[in-house]
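Below, each chain spelled out in residue letters.
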Amino acid sequence: MSDSFDYIVIGSGSAGSLMANRLSADPANRVALIEAGPSDKKWPVNLKTAMPVGNIFLLPHEKYNWKQALTGNAAVNNRTINFPRGKLFGGCSAINGGVYIRGQKADYDAWAKAGNDGWAYDDVLPAFKAVENYAGPEKGWHGKGGELDVQKPKSWNPVSAAIVDAAAEAGHQRNDDFAGERQDGFGRYDLNQRNGTRLSSARAFLHPALKRANLTVLDETMVRRILFDRGQAVGLEIEKDGARSTISARREIILCAGATNSPQLLMLSGIGPQDHLHDMGIDVVHHLPGVGQHLQDHPTVHVAMENPSAESYAVSARVLPRILASPLKYLFKREGMLASNVAEAGGFLCTDGTGRPDIQITFLAGLKLDARSVPRRHGYMGLIQLLRPKSAGSVRLASNRPEDKPVIDPNFFADPYDMQTLIAGFRECRRIFAQPALAAMTGAEIEPGIQHQSDAEIDAALRKIVNTAYHPTGTCKMGPDGDRMAVVDGRLRVRGVSGLRVVDASVMPDIISGNTSAPTMMIAERAARFILEDAVTSNIAA
Ligand SMILES: Cc1cc2nc3c(=O)[nH]c(=O)nc-3n(C[C@H](O)[C@H](O)[C@H](O)COP(=O)(O)OP(=O)(O)OC[C@H]3O[C@@H](n4cnc5c(N)ncnc54)[C@H](O)[C@@H]3O)c2cc1C
């Protein structure tokens, strides 16, 4: 093998950038970070990743986006659904909406109740706080001084403000802190921003570590396989500019490639369901039936409205002066449409009478019918996201070639609860949009269209537009010893082999009730501590 490190981190996304920072903080550790995509330090990617709206310039390109797809079936009207995944420093956190949500206390308490000792809310809260630099007032549950700035949007479109007023008119509480004591209610989102610029995981955690002599970062380098020696992960086969080589790890390999690529890489390396590996012509290193299973996302439907008064964000002739002014506004004040993540506001509600929110609605102050689209017509949207779906899908290999995209089946709506709850959330979104606070800004319902009124009509319409919230989790899930579908244990070590952990969104035992980037960073913060603690224990043992 050509080069050797103590730790090798695969992937520089929400988890991997943080992991590389923590492991390389001790100069005695030699750490390598391998990222398939390019650096975000070079022009013009540095501008596109810093500008909150900049993801629309990155998402169209295969260089920065893995451009995966969700397979269709009759439940989604046989549509193939685009599934962007960030492929650059910062991973998805460099191209996402930047919304900071932690989920609910009950989510983590349920993880612990399922046998994942040490993952209850009281256990994970210190890690959320350690990572955070909260701009609001001191509160027991927020952190100050961490690398990840959490701030309100600098730009606040009048449409976003009116929607929050409309939600209050519809009887919902105002809520300005969804990490606080109550998650329900509507208000401005907290964002991963620093003074009007996006704070991806790379900008927050990786950039400050890049000058460390003990951290080697290989960009545009694809990991093809993890290499094992008698059940121990010892190195990687990598490829850069068409040339293949190997690197070795003395202590551990930490797989942070995200919830679709981590199971893909495990299976390509011989860890996964043995029948599937045999079908793909891959030698089995260890049979782990849970790899690639239990895929959960937040199925998302929308209500899209016309905005005849044209306050919303759009590239239209009607607001030409505003568009022409926006570069200067961004440059000098970090404000205006270029400083907006478009998803400036939203909130949570409960449809089943239990009081625990089961629906999130994210409001977009522009007609973005998918993550990469540039609005050309004035309008606004409510994205209705099902928080705890009962359906689960899978990630499987298409072949034994690392270049081939995995087959991702979300299995949306397999359980009738999912559609039933989304319909309730959809009706509530329509009710909010019909309130007086929005009357002067609102025209016709563009999608799905007001002709869909009965449950059966709405059901049929939602299947034609259902999308993903881009929050895949669970495909390398953590679980206790008795859970045969568990891929990692409570310290995120891959079961059945040594020297290998998975640390990213894929390890969530069940999807949390909200956006997934901050919880993934919390997982990485905890895992880094496990790794460093275990190194001390093994040094003492040796
Ligand atoms: C369009 C979009 C909008 C979103 N909006 C939000 C939001 O507003 N708020 C929120 O909290 N969450 C949001 N999310 C979800 C959130 O960003 C993800 O859950 C989170 O970033 C996942 O982190 P991760 O570390 O698991 O994986 P990723 O961030 O995906 O990182 C994986 C990294 O591994 C690299 N990699 C993969 N395979 C290989 C390989 N073989 N070799 C080398 N490198 C490899 C990838 O290139 C990538 O950089 C959004 C996601 C998307 C796509």
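Residues numbered from 1 in each chain as written. Predicted model: local features only at pLDDT ≥ 70, side-chain atom pairs only at ≥ 80, totals over all residues. Heavy atoms only, no water.

## Some words on unusual backbone geometry
Going by this rule: Segments assigned H or I by DSSP are reported as helices when at least four residues long, segments assigned E as strands when at least two residues long, and all are numbered from the N terminus.
Residues W43 and P44 are joined by a peptide bond in cis, for which omega reads 0°. Positionally, P44 belongs in the loop between β2 (31-34) and α2 (45-50). In this chain, E447 is followed by P448 through a cis amide linkage whose omega measures 0°. Examined against the element boundaries, P448 turns out to sit in the loop between β22 (445-447) and α12 (455-465). One non-glycine residue with positive phi stands out, namely N411, at about 55°. Within the secondary structure, N411 sits in the loop between β21 (407-409) and α11 (416-433). Its identity is not glycine, yet Y470 carries a phi of approximately 65°, on the positive side. Locating Y470 in the fold gives a position in the loop between β23 (467-468) and β24 (500-502).

## Here's the deal with the domain arrangement of the protein chain
Condition: Each domain span listed reflects an automatic or database assignment of domains. Contacts between residues were defined by any pair of non-hydrogen atoms, one from each residue, lying within 4.5 Å. Accessible area that two parts lose when put together, with a 1.4 Å probe and added across both, is what the buried area reports. Within 3.5 Å is the distance limit for a polar contact, defined as a pair of N or O atoms, with the added protein rule that one can donate a hydrogen and the other accept it, and that residues adjacent in sequence qualify only through two side-chain atoms.
We note that the domain assignment places domain 1 (1-68 + 83-151 + 192-289 + 474-542) and domain 2 (154-188 + 299-386 + 413-465) within the protein chain. A separation of 30 Å is found between the C-alpha centroids of domain 1 and domain 2. Counting from both sides, the interface comprises 28 residues of domain 1 and, opposite them, 24 residues of domain 2. Considering only the side of domain 1, the residues that lose the most area to domain 2 are I56, Q104 and W141, jointly responsible for 23% of the buried surface there. Applying the counting rule to domain 1 against domain 2 returns twelve residue pairs in polar contact (both at pLDDT 80 or more).

## Some thoughts on the site of the ligand
We count it as follows: The near set for a molecule or strand comprises every residue that places at least one heavy atom within 4 Å of it. Surface accessibility in these figures is a Shrake-Rupley result with a 1.4 Å probe; residues are shielded only by whichever protein chains are displayed.
Near the ligand there are 39 residues, and of these S14, E35, V99, T516 and S517 occur at the shortest range. In this structure, G98 approaches the ligand through a main-chain N or O atom, which is 3.1 Å from an oxygen atom. Here an oxygen atom of the ligand sits 3.0 Å away from a polar atom, N or O, in the main chain of A505. Relative to its free-state accessible area of 1,000 Å², the ligand is covered by the protein chains to the extent of 97%. Among the elements of the structure, α1 (14-24), β11 (221-229), α8 (258-268) and α13 (517-541) are those that each provide at least two residues to the shell around the ligand.

## What to know about the side chain of H471
Definition in use: Throughout this description, buried means an accessible area under 20% of the type-specific maximum (1.4 Å probe, protein chains only), exposed means over 50%, and partly exposed covers the range between.
Counting through the fold element by element, H471 comes out in the loop between β23 and β24. On the basis of relative accessible area, H471 is assigned to the buried category, the value being 7%. Aside from chain neighbours lying at most four places away, what touches H471 is Q296, D297, H298, I511, G514, N515 and T516.

## Some details on α11
Let me state the cut-off plainly: By definition here, a helix of n residues has an expected span of 1.5 Å times n minus one.
Between its first and last C-alpha atoms α11 spans 26 Å; for 18 residues at 1.5 Å apiece the expected length is 26 Å, and the two agree. Counting buried residues in α11 gives 13 out of 18 residues, a clear majority hidden from the surface. Where α11 starts, the residue carrying a side-chain oxygen 2.9 Å from the main-chain nitrogen of Y417 turns out to be D415.

## A closer look at the packing of α11 against α12
The condition that has to hold: For helices, the fitted axis covers only the stretch in contact; all axes are lines through C-alpha atoms, and the angles between them, taken along N-to-C directions, range from 0 to 180 degrees. Angles are sorted into four bins: roughly parallel if under 35 degrees, roughly antiparallel if over 145, roughly perpendicular if 65 to 115, and oblique for all others. For this scheme, ten residues count as nonpolar: Ala, Val, Leu, Ile, Met, Phe, Trp, Tyr, Cys and Pro. Four count as charged, namely Asp, Glu, Lys and Arg, and the remainder, Gly too, count as polar.
Contact geometry of α11 with α12 gives a least axis separation of 10 Å together with a crossing angle of 100°. Judged on the interaxial angle alone, α12 and α11 are roughly perpendicular. Residues M419, I423, F426, R427 and R430 of α11 form the contact with α12, whose participating residues are D455, I458, D459, L462 and R463. For the contact of α11 with α12, the per-class residue count stands at five nonpolar, no polar and five charged.

## Digging into the packing of helix α4 (residues 105-113) against helix α5 (residues 121-131)
Between α4 and α5, whose axes approach to 8 Å, the crossing angle comes to 120°. In terms of orientation, α4 and α5 fall into the oblique class. Contact residues: K105, Y108 and D109 in α4; Y121, V124 and F128 in α5. In terms of residue class, the contact of α4 with α5 is made up of four nonpolar, no polar and two charged.

## Overview of the nonpolar core
Our working rule: Each nonpolar core is a collection of buried residues, namely Ala, Val, Leu, Ile, Met, Phe, Trp, Tyr and Cys, held together in the definition by side-chain atoms within 4.5 Å.
Within the largest apolar cluster, 83 residues are counted, with the highest numbers of intra-cluster contacts made by L236 and L266. Tallying contributions element by element places α13 first for this core, with ten residues. Discounting chain neighbours no more than four positions away, the residues touching L266 are I226, L255, I271, V291, C476, V487, L500 and V502. In terms of nonpolar packing, the next biggest core, distinct from the first, is built from 43 residues, V76, V303, Y380 and I465 among them.

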